[in-house]
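Breakdown of the fold
This is what each chain is made of:
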Amino acid sequence: DKLKVKVVDPDTSEAALVGIRSFNKDPNFYTGYARNFIAKSVKNNADGDVRVGYIRQASSIIGSIQELLEGRQGLFGADAAKEAGVRVDKAQALIGKFLGECGIDSEKEKFDAYVSNHPY
C-alpha cells in the first residue's frame, strides 16, 4: 500500500523508483521464497504450482514499474503514475490470491485483512 501511495504521485515517484530499482536487482527473490514455501506442502513441481505463478507474475508487474516511471514505456507524468497505481493494484491482488489459496493459519486475521483489502 505504501508503494502505491508513492507511485501515484509524480512528486514522490522517484522515492518509489529507489525501492523498485533495489527490488529489480534480484527480481526472483520472492518467487523463490514462494516456491520454497509451497515445496513444504507439495511433493513434486513446486516451481510449476499455480500459486508460485501468482508471485512470479506479481514480481514481474512490480519490476515493470521501473521502466514505466522512467518514461521508457511511452507514458510520462500523471499518466505514468496512474498506470503504475493500476499495476500495483494488480500485483497486490495476485499476492492476496496467493495468500488466500495457501491457507496460512498462523497470522490468519492479518492475512485475511490483506486478502479482503486486495480482492482478486
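Up top you'll find the structure we're talking about.
Quick summary incoming for the structure in this document. A quick note: this is a predicted structure, and the numbers were derived from the prediction, not measured. (Residues numbered from 1 in each chain as written. Predicted model: local features only at pLDDT ≥ 70, side-chain atom pairs only at ≥ 80, totals over all residues. Heavy atoms only, no water.)

1. Some details on the overall build of the chain
A tally of regular secondary structure across the chain gives six helices and zero strands. Of all intrachain contacts in the chain linking residues separated by at least 6 positions in sequence, the fraction that spans at least 24 positions is 57%. Carbon together with sulfur atoms contributes 52% to the accessible area of the chain, which is approximately 7400 Å² in total. (Helix = DSSP H or I, 4+ residues; strand = E, 2+ residues; numbered from the N terminus. Contact = heavy atoms within 4.5 Å. Areas by Shrake-Rupley, 256 points an atom, 1.4 Å probe, with all protein chains shown as cover.)

2. Quick look at the nonpolar core
Core analysis: the largest hydrophobic core is formed by 25 residues, its most contacted members being Val7, Ile38, Ile62, Ile65, Leu69, Ala84 and Phe98. The set of elements that each furnish at least two residues to this core consists of helix H2 (13-24), helix H3 (29-39), helix H4 (50-69) and helix H5 (77-102). Per-element tally for this core: the top contributor is H4, with nine residues. What Ile62 contacts, discounting residues up to four positions off in sequence, is Leu3, Ile20, Phe23, Val88 and Ala91. (Core = buried A, V, L, I, M, F, W, Y, C linked by side-chain atoms within 4.5 Å. Buried < 20%, exposed > 50% of the residue type's maximum accessible area, 1.4 Å probe, protein only.)

3. Examining the environment of Phe76
Mapped onto the fold, Phe76 is located in the loop between H4 and H5. The sequence separation of Phe76 and Pro10 amounts to 66 residues, and the corresponding C-alpha distance is 9.1 Å.

4. Concerning H3
When we look at burial in H3, the residues that qualify are Thr31, Gly32, Ala34 and Ile38. Angular distribution of buried residues about the axis of H3 spans 160°; they occupy a single face of the element. (Arc of directions from axis to C-beta.)

5. Considering unusual backbone geometry
Even without glycine at this site, Asn45 takes up a positive phi of about 55°. Of the residues examined, Asn45 reaches a relative accessible area of 56% and is grouped as exposed.

6. Section: the pattern of salt bridges
Applying the stated criterion to the full structure yields nine salt bridges. The salt bridge involving Asp47 is made with Arg35; its shortest N-O contact spans 3.3 Å. Of the two residues, Asp47 is situated in the loop between H3 and H4 and Arg35 in helix H3; the sequence distance between them amounts to twelve residues. By relative accessible area, which is 38% here, Asp47 ends up partly exposed. (Salt bridge = Lys/Arg side-chain N within 4 Å of Asp/Glu carboxyl O.)

7. Some points on H5
Taking 1.5 Å of rise per residue, the 26 residues of H5 would be expected to cover 38 Å, and the 38 Å separating its terminal C-alpha atoms lies within 8% of that figure. Positive phi shows up at Gly103, right after H5, with a value of about 65°. (Expected span 1.5 Å × (residues − 1).)

8. Description of the packing of aromatic side chains
Applying the stated criterion across every chain, the model contains three aromatic pairs. Members of the aromatic cluster, connected to one another through ring pairs, are Phe23, Phe29 and Tyr30. (Phe/Tyr/Trp six-rings, centres within 6.5 Å; stacked < 30°, edge-to-face > 60°.)

This is a description of form; function is not addressed.
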